[in-house]
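# Coordinate inspection notes
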Amino acid sequence: MITNHLLVLKNNKYTIAFLGWMVFVTFFSLVSFSDTEAANIDIPNLDKVVHFSFYFGAAFLAVLFIKERTKGGLELRKAVLYAVVGAIIYGIIIEVLQYSFTADRHGDILDALANSVGAILGSLAVKSLFSKERWLKWKN
């Protein structure tokens, strides 16, 4: 019984990682930190670096998630496209939510741009790790 559960976890490791990452990104994008010491850190453009990193990771893991869910059946090029478009749309939605529903967070077009650049580079990074042959190994 335990072996079956461990096998399920092993077979879905990218799905778990991707979903966990998206929960992490969503939480840290919508929760207020104004009462913490982290809010007082004064490093120029640190928030843009954080946005870039969040969406670099999101797109990177999204490609692996898509690969895992389709067992390599979807072309790498399409998986990268879906990951980039999905991450960019998600980043825009988060910015709108920050603007609309949080008291001290603000939607910012430059944050959306940092999200988008991170998503593009994250998906290109994972694409560069997989040749067509490596991608097709997932079918086996």
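A quick note: this is a predicted structure, and the numbers were derived from the prediction, not measured.

What counts, and at which threshold
- Residues numbered from 1 in each chain as written.
- Predicted model: local features only at pLDDT ≥ 70, side-chain atom pairs only at ≥ 80, totals over all residues.
- Heavy atoms only, no water.
- Helix = DSSP H or I, 4+ residues; strand = E, 2+ residues; numbered from the N terminus.
- Buried < 20%, exposed > 50% of the residue type's maximum accessible area, 1.4 Å probe, protein only.
- Contact = heavy atoms within 4.5 Å.
- Areas by Shrake-Rupley, 256 points an atom, 1.4 Å probe, with all protein chains shown as cover.
- Salt bridge = Lys/Arg side-chain N within 4 Å of Asp/Glu carboxyl O.
- pLDDT = per-residue confidence, 0-100.
- Expected span 1.5 Å × (residues − 1).
- Core = buried A, V, L, I, M, F, W, Y, C linked by side-chain atoms within 4.5 Å.
- Axes fitted to C-alpha atoms, helices over the stretch in contact; angles between N-to-C directions.
- Parallel < 35°, antiparallel > 145°, perpendicular 65-115°, else oblique.
- Left-handed = near helix turned anticlockwise from the far one by under 90°.

Once that is clear, we can look at the overall build of the chain. Along the chain, the regular secondary structure elements total six helices and zero strands. In the chain, the succession of helices and strands from N to C terminus is α-α-α-α-α-α. Looking at the chain residue by residue over its 140 residues, the buried ones come to 32%. A sequence separation of at least 24 residues applies to 82% of the contacts in the chain between residues at least 6 apart. Element-wise, carbon and sulfur atoms account for 68% of the exposed surface of the chain, whose accessible area totals about 9,000 Å².

Inspection of the entire model under this criterion finds four salt bridges. Among the salt bridges present, the one from Lys48 reaches Asp47, with a minimum N-O distance of 2.7 Å. Where Lys48 meets Asp108, a salt bridge forms, and the shortest distance between an N and an O atom there is 3.1 Å. Of this pair, Lys48 sits in helix H3 (residues 46–70) while Asp108 sits in the loop between helix H4 (76–101) and helix H5 (109–129), and the two are 60 residues apart along the sequence. What makes Asp108 partly exposed here is its relative accessible area of 26%. Each of Asp47, Lys48, Asp108 and Asp111 takes part in a single network of salt bridges with overlapping partners.

Another aspect to go through is the confidence of the model for the chain. It should be kept in mind that the predicted coordinates are not to be read in detail where pLDDT is low. For the chain, mean pLDDT is 86; residues scoring 70 or higher make up 80% of the total. The least confident element of the chain, judged by mean pLDDT, is helix H1 (residues 2–11) at 61; the most confident is helix H2 (residues 13–30) at 96.

Moving on: H4. For H4, spanning 26 residues, the distance from its first C-alpha to its last is 36 Å, which sits close to the expected 38 Å at 1.5 Å a residue. Within H4 the residues assigned to the buried category are Leu76, Ala79, Val80, Ala83, Val84, Ala87, Gly91, Ile94, Glu95 and Gln98.

Another point: the nonpolar core. In terms of nonpolar packing, the biggest core is built from 23 residues, with Tyr55 and Val63 touching the most fellow members. When residues of this core are traced back to their parent elements, those giving at least two are H2, H3, H4 and H5. No other element matches the nine residues that H3 contributes to this core. Setting aside its immediate chain neighbours within four residues, Tyr55 contacts Val25, Ala87, Tyr90, Gly91, Ile94, Asn115, Gly118 and Ala119.

Moving on to the packing of H4 against H5. The geometry of H4 relative to H5 is characterised by a closest axis approach of 9 Å and an angle of 160° between their N-to-C directions. Relative to H5, H4 is oriented roughly antiparallel. When the axes of H4 and H5 are compared, the crossing they make is right-handed. Residues Leu76, Val80, Val84, Ala87, Ile88, Gly91 and Glu95 of H4 lie in contact with H5, whose contacting residues are Asp111, Ala112, Asn115, Ser116, Ala119, Ile120, Ser123 and Lys127.

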